[in-house]
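These are the residues of each chain, in order.
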Amino acid sequence: IDKAHEVLKNTVDNSIMSRSNQKAIEDFTHHSGPVNKQLRSAHKKGVDPSQTMSRSAHNTVLHMDTIGKKTKPISSSVHVYHGTTRDPRNELDKEGNWHNHHFVSTTLDPAHTGYFTGLEHKGQSHIIHFHLPKGSNHGIYADAMSRTHHALEGDEHEYILKRGQKWKHTGSEVVKVGHS
């Protein structure tokens, strides 16, 4: 995790560390659910998100898009993880790709994925493993962008995948956790 943290930290330079960009990261990390819900809804309706989103959510999205365009490619491959209660296999296209039309909060530590699914969730939970190859530029490292985020979330090591990407599903593994 420490090596991956250093790799992701180096994707952020001072040119994108403005207060408004830091605030957008903080707003997103604290309200990602409603922002992403609005992005998914707009996609399903086939409309521009700016037509259906609240003003504050739209401003956050615009800042996040700008930050995402200014981050540097990673210097070595990294693995990040996302926890969800929705089965991502149900959202694959005919070629076996998953499209994220919203931002995806991930972590360097798979043990933190329970935070995304809610530990009390009684149904299935899924952990999505993303491999980010060297030279790729898939997201924004929230820990490097926001001192407040790092202070509040500690060792979550949140990496936010940019919206509008396509990911190849390469396999699934079922793991039972807890009592049966």
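Quick caveat: nothing in here was measured; it's all calculated off a predicted structure.

**Considering the overall build of the protein**
- A count of helices and strands for the protein gives seven helices and seven strands.
- The order of helices and strands in the protein, counted from the N terminus, is α-α-α-α-β-β-β-α-β-β-α-α-β-β.
- Looking at the 180 residues of the protein, the share that counts as buried comes to 43%.
- Surface accessibility of the protein: about 10,500 Å² in total, with carbon and sulfur atoms responsible for 50%.

**Regarding the nonpolar core**
- Formed by 33 residues in total, the largest nonpolar core has its most connected members in Val78, Phe130 and Leu132.
- Among the elements of the structure, α1 (2-9), α2 (19-45), α4 (55-70), β1 (78-84), β4 (126-132), β5 (139-141), α6 (142-145) and β6 (158-161) are those that each provide at least two residues to this core.
- If we ignore the near neighbours within four places in the chain, the residues touching Leu132 are Ile74, Ser76, Ser77, Val78, Val80, His138, Tyr159, Leu161 and Trp167.

**Here we look at the environment of Asn137**
- Structurally, the position occupied by Asn137 is in the loop between β4 and β5.
- Overall, Asn137 belongs to the partly exposed group, its relative accessible area being 23%.
- Taking the C-alpha atoms as reference, Asn137 lies 9.9 Å from Ser75; in sequence the two are 62 residues apart.
- Every residue in contact with Asn137, bar those within four places of it in the chain, is listed here: Gly68, Thr71, Lys72, Pro73 and Lys162.
- In this structure the side chain of Asn137 is engaged in a polar contact, spanning 2.8 Å, whose partner is the backbone oxygen of Thr71.

**Some words on the pattern of salt bridges**
- Applying the stated criterion to the full structure yields six salt bridges.
- Of the charged contacts in the structure, one is a salt bridge between Lys9 and Glu6, with a shortest N-O distance of 3.4 Å. Pair noted here: Lys9 and Glu6 are both in helix α1, with a separation of three residues, about one helical turn.
- Accessibility expressed as a relative area gives 35% for Lys9, which makes it partly exposed.
- With a closest N to O distance of 2.9 Å, Asp27 and Lys23 form a salt bridge. Of this pair, Asp27 and Lys23 both sit in helix α2, separated by four residues, roughly a single helical turn.

**Focus: the packing of aromatic side chains**
- Considering all chains together, one arrives at three aromatic pairs under this definition.
- Here Phe28 and Phe103 contribute two aromatic rings whose centre-to-centre distance is 5.3 Å and whose plane-to-plane angle is 70°, an arrangement assigned as edge-to-face. Placement of the pair is Phe28 in helix α2 and Phe103 in the loop between β2 (97-100) and β3 (104-107), with a sequence separation of 75 residues.
- You can call Phe28 buried: its relative accessible area is 0%.
- Judged by its relative accessible area of 1%, Phe103 is buried.
- Each ring, one from Phe130 and one from Trp167, has its centre 4.8 Å from the other, and the planes form 70°; the classification is edge-to-face.

**Brief notes about the side chain of Thr107**
- Among the secondary structure elements, Thr107 is positioned in strand β3.
- Overall, Thr107 belongs to the buried group, its relative accessible area being 0%.
- Here the side chain of Thr107 touches Asp109 through a polar contact of 3.1 Å, landing on its backbone nitrogen.

Reading the values: rules and limits
- Along each chain, numbering runs from 1 in the same order as the chain's sequence is written.
- It should be noted that, the model being predicted, local features are given only for residues of pLDDT at least 70 and side-chain atom pairs only at 80 or more, the latter also being counted only at that level, while totals for whole chains, interfaces and linings use all residues.
- With hydrogens and water stripped out, all remaining heavy atoms of the structure feed into the side-chain values.
- In this description a helix means any DSSP run of H or I spanning at least four residues, a strand means any run of E spanning at least two, and both kinds are numbered starting from the N terminus.
- With a 1.4 Å probe rolled over the protein chains alone, any residue whose accessible area is under 20% of its type maximum counts as buried; one over 50% counts as exposed, and the rest are partly exposed.
- For accessible areas, the Shrake-Rupley method is used with a probe of radius 1.4 Å. Any residue's cover is judged against the shown protein chains and nothing else.
- Put simply, buried Ala, Val, Leu, Ile, Met, Phe, Trp, Tyr and Cys residues joined by side-chain atoms within 4.5 Å make one nonpolar core.
- Only heavy atoms matter for contacts: two residues are in contact if any of them lie within 4.5 Å across the pair.
- Think of a polar contact as two N or O atoms within 3.5 Å of one another; within protein, one of them needs to be a possible hydrogen donor and the other a possible acceptor, and neighboring residues in sequence only count if both atoms come from side chains.
- Basic side-chain nitrogens of Lys or Arg form a salt bridge, by our definition, when they fall within 4 Å of a carboxyl oxygen of Asp or Glu.
- For this analysis, a ring pair means two rings from Phe, Tyr or Trp (six-membered ring only for Trp) whose centres lie within 6.5 Å, classed as stacked if their planes differ by under 30 degrees, edge-to-face if by over 60, and tilted for the remaining angles.

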